Amino acid sequence: MSETLKVPTMAECMAEGRKPEILFWVGSAGSYDDRAKKITKAFVKILNKANVDFAVLGTEESCTGDVAKRAGNEFLFQMQAVSNIEVLNAYEVKNIVTACPHSYNTLKNEYPELGGHYQVQHHTQFINELIKTGRLKVKGDNALKGKRITFHDPCYLGRANNVYEAPRELLKTLGVQLVEMKRNKQTALCCGAGGAQMFKEPEKGDKDVNVLRTEDALETKSGIIATGCPYCNTMMTDGVKAKEKEAEITVMDIAELIANAQDV
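The numbers attached to residues start from 1 for each chain and follow its sequence in the written order. Under the rules for a predicted model, residues below a pLDDT of 70 receive no local features and side-chain atom pairs below 80 are neither given nor counted, while totals for whole chains, interfaces and linings still include all residues. To get the side-chain values, all heavy atoms of the structure are used, and hydrogens and water are removed first.

Right, let's talk about the UniProt feature "domain: Cysteine-rich" (unreviewed entry) in the chain for a bit. UniProt positions are given in the numbering used here, feature names are shortened, and annotations may be inferred rather than shown by experiment. UniProt's feature table lists "domain: Cysteine-rich" (unreviewed entry) at residues 32–107 and 149–236, given in the numbering used throughout. A run of DSSP states H or I qualifies as a helix once it reaches four residues; a run of E qualifies as a strand once it reaches two. Both are numbered from the N-terminal end. Span residues 32–107 is 61% helix and 8% strand, its end C-alpha atoms 20 Å apart.

Let us look at helix α8 (residues 165–173). Classification of residues uses two cut-offs on accessible area relative to the type maximum, computed with a 1.4 Å probe and protein chains only: under 20% is buried, over 50% is exposed, and between them is partly exposed. Among the residues of α8, those classed as buried are A166, P167, R168, L170 and L171. We call two residues in contact whenever any of their non-hydrogen atoms come within 4.5 Å of each other. Considering only its buried residues, α8 is in contact with α7 (123–132), β5 (148–151), β6 (177–178), β7 (224–227) and α11 (254–262). Immediately downstream of α8, the backbone of G175 shows phi near 75°, a positive value.

Strand pairing requires that DSSP identify at least two bridges connecting the strands. Pairing in this open sheet of four strands is parallel, and the strands run β2-β1-β3-β4 from one edge to the other. On the outer flanks of this sheet lie β2 (54–55) and β4 (119–122), each paired with one strand and no other. Pairing of strand β1 (residues 22–25) with strand β3 (residues 95–98) involves three bridges; the strand directions are parallel. Bridging from a neighbouring strand, W25 pairs with T98 of β3. Note on method: axes are straight lines fitted to C-alpha atoms, helices fitted across the in-contact stretch only, with angles between N-to-C directions ranging 0 to 180 degrees. Across the sheet, helix α6 (residues 101–110) lies against β1, β3 and β4, angled at about 160° from β4, the strand it touches most.

Here we take up the environment of V52. Relative to the assigned elements, V52 resides in the loop between α3 (34–49) and β2. A C-alpha to C-alpha distance of 34 Å links V52 and A217, two positions 165 residues apart in sequence. If near-sequence neighbours (up to four positions away) are discounted, V52 is found in contact with E21, I22, L47, F126, L130 and R135.

Turning our attention to the pairing of β4. Burial of the side chains of β4 is restricted to one face: V120 and H122 are buried, whereas none of Q119 and Q121 on the reverse face is. Note on handedness: a crossover is taken as right-handed if, strands pointing away from the viewer, the path from the first strand over the helix to the second is clockwise. Between the parallel elements β3 and β4, the chain passes through α6 in a crossover that is right-handed.

Next comes the structure, spelled out in structure tokens:
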């Protein structure tokens, strides 16, 4: 990328004697997966554009332990969680924002019993607040205006935490035509990557669940499938490829759509 992204670390902030407004928890996918890195960059662009004082842990960030816990390795989960909590508490972190619903769910619901008490938001919730409070403006004449878009609810954002409106409100601020899939919100179908399934081959059956979910999206005749999870992004992209629809349909994170409408 030609432009320079401003991404301070908590260690740098501490050395300067300041506490940032939020900690951006990048997550494993957002740190290492090439496709998910684009989502990370889009969110950082938005934070910079809105002049949000934020920081990341950088090399001090480890996996939340979500995958280990879902796979049944509670011991490994607690080791990873306690290690992260020690780092977060040492920096006196209060507010965390993440673009990964898996990290969001784990930090919000499972860290408190191990001593990690934080205000945790999904990036769609935080961006929505930035727009509502006037810190971020979305162009009314952006390239997405009037386009048909469908939104795929990530399991750990929707059904696990009842966050349905923030991502939809963001899409509506772009002036798009939001077309719901027949299974949406509480009845939304999983992309197939949750519960550590991302890292194994699917069991034998009639059809892979990500292909079934992509068929739901295709029925809406939308040009863009929007989501708010790096794992969902991968699974839906693979589903689009399986259906040989790459030329017609793009899978995008909501942060990318907002960043593009900003020209940031």
